[in-house]
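Residue-level structure breakdown
The residues making up each chain are set out below.
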Amino acid sequence: MHMNKEVIVSGIQPTGDMHLGNYLGALKDFVDLQNKFECYFFIADLHSITGDNDPQEKPKQIIDAVETLLAVGLDPKKCTIFIQSHIPAHTELAWIFNTITPMGELERMTQYKDKSGKQKNNINVGLFDYPVLQAADILLYHANFVPVGADQVQHLELTNVIARKFNNKYGEYFHEIKPYIQKPLRIMSLTNPERKMSKSEPASTINIFDEPEIIKKKLAKAVTATDAPQGQMPKGVANLFSLLEMFGSMNTLHKFKKEYDHGTIKYSELKNAIAEEIANYFAEIRQAKSKISGNKKDTYLILEQGAAKAGNVASRTLRAVKEKIGLI
Ligand code: ADP
Ligand code: TRP
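Read on for an overview of the structure. Computed from a prediction, not measured in an experiment: that's the story for all the values here.

Below, the discussion takes up helix H9 (residues 212-220). Ile215, Lys218 and Leu219 are the residues of H9 that are buried. End-on view of H9: buried residues confined to an arc of 95°, all on one side of the axis. Residues of H9 that are exposed and point more than 90 degrees away from the buried face comprise Glu213, Lys217 and Ala220. Where H9 is buried, its residues touch helix H10 (235-247) and helix H12 (267-281).

If you want it as structure tokens, here you go:
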């Protein structure tokens, strides 16, 4: 067993196709981390139902998210992969944490304010309580580090507040967690290079499982003609170059940089080249995904084993917590 390895916990919501931003901002790091840490990666299905939920679509989205984790290279021999709702300890600990979390702390959460602005007809208690469930997700496994995007850091600070409150009230038990943000990089939208690429605007994204022709079509529509101060590269063009830098070869990058400097660049050629390089970059992952999707039995087995392993750790924590708070 990896008793002395530090622990990593992270969850992703099963909400639609993963795009380049999700890949570089999260998934790719997970794959590296599984080699160095004791890792728990899960699909945050309970978090996802605080948004608009379609019960017809949900099972597909959940399995798709698991298959995505496997396709990008998470190895169930190296890390524990499971579905949050398969382990009741998550919601049970969240309830216990509810009783020590001040309302005021949750009212400050910017994600709650953002989301309740966007889903005005569905401002549910779960949306408000979301960060408390997240704290339970993390503390059940005594995480040391939590890889997340910058938008989640406030939730991790709250996790530490809850851990300290618990320790003060019931005796030292939880230790502090730290966000793990390897590179604060943002992939920008194809349609509006001032904004980040985001699922909420499908035309802005390239998804990691998009077929080559789709990538080509989306890139063909990418914005290049944005205003820029004299002598500066327009934002849309800079965005295309940064995609080439991240997913393409040095040769192609140099070729187009030179053409840009000489004023001979043709953006349609640049876009086609980028489309091709991105399609190549993800070719193996696309293949892996289609193989995994055709073999649901193996995926369910991985989830069963993941839930058994995570469930053991989670129950031990929950038992200790209940003892400390006087539940018998
Ligand atoms: P979206 O905005 O597409 O809904 P999420 O908010 O669900 O994405 O983010 C999931 C993960 O992917 C987070 O870790 C987040 O930081 C990362 N991520 C999302 N969009 C980008 C982006 N454009 N560039 C870099 N990382 C991103
Ligand atoms: N809230 C996270 C997001 O939207 C997902 C998440 C749920 C999570 N529980 C977590 C991330 C625990 C890290 C640790 O991206």
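Next comes the rest of the account.
Before going further, it helps to examine the site of ligand 1. Taken together, 13 residues are adjacent to ligand 1, and His19, Ile187, Lys196, Ser198 and Lys199 come closest. Contacts to ligand 1 include Ile187, whose backbone N or O atom sits 2.8 Å from a nitrogen atom. Met197 places a main-chain nitrogen or oxygen 3.0 Å from a nitrogen atom of ligand 1. Residue composition of the shell around ligand 1, grouped by class: 4 nonpolar, 6 polar and 3 charged.

Okay, the side chain of Thr317 next. Mapped onto the elements of the fold, Thr317 is located in helix H14 (residues 296-325). A relative accessible area of 2% means that Thr317 is categorised as buried. If sequence neighbours within four positions are ignored, Thr317 has contacts with Leu139, Leu140, His142, Tyr173 and Phe174.

This brings us to the site of ligand 2. Gln13, Tyr130, Gln134, Asp137 and Gln152 are the nearest of the 13 residues found near ligand 2. In the model, a nitrogen atom of ligand 2 is placed 2.7 Å from a nitrogen or oxygen of the Asp137 side chain. Separating a nitrogen atom of ligand 2 from a side-chain N or O atom of Gln152 is a distance of 2.9 Å. Relative to its unbound accessible area of 370 Å², ligand 2 is 89% covered by the protein chains. For the shell around ligand 2, the elements supplying multiple residues, two or more each, are strand E1 (7-12) and helix H7 (125-139). For the shell around ligand 2, the element with the most residues is H7, which contributes 4 residues.

With 57 residues, the main nonpolar core has Leu20, Ile208, Leu219 and Ile278 as its most contacted residues. It is helix H3 (residues 58-72) that provides the largest number of residues to this core, a total of 8 residues. Split by domain, the residues of this core number at least three in each of domain 1 (7-185 + 295-325) and domain 2 (202-285). Setting aside chain neighbours within four positions, we find Leu20 in contact with Ile187, Met197, Ile206, Ile208, Leu243, Phe247, Ile278 and Phe282. Counting residues in each nonpolar core, the second largest holds 39 residues, with Ala44, Phe128, Val132 and Leu158 among its members.

Procedures and definitions
Residues numbered from 1 in each chain as written. Chains lettered and ligands numbered in written order. Predicted model: local features only at pLDDT ≥ 70, side-chain atom pairs only at ≥ 80, totals over all residues. Heavy atoms only, no water. Buried < 20%, exposed > 50% of the residue type's maximum accessible area, 1.4 Å probe, protein only. Helix = DSSP H or I, 4+ residues; strand = E, 2+ residues; numbered from the N terminus. Arc of directions from axis to C-beta. Contact = heavy atoms within 4.5 Å. Near = heavy atom within 4 Å. Polar contact = N/O pair within 3.5 Å; in protein donor to acceptor, adjacent residues only side chain to side chain. Nonpolar A, V, L, I, M, F, W, Y, C, P; charged D, E, K, R; others polar. Areas by Shrake-Rupley, 256 points an atom, 1.4 Å probe, with all protein chains shown as cover. Core = buried A, V, L, I, M, F, W, Y, C linked by side-chain atoms within 4.5 Å. Domains from an automatic or database assignment.

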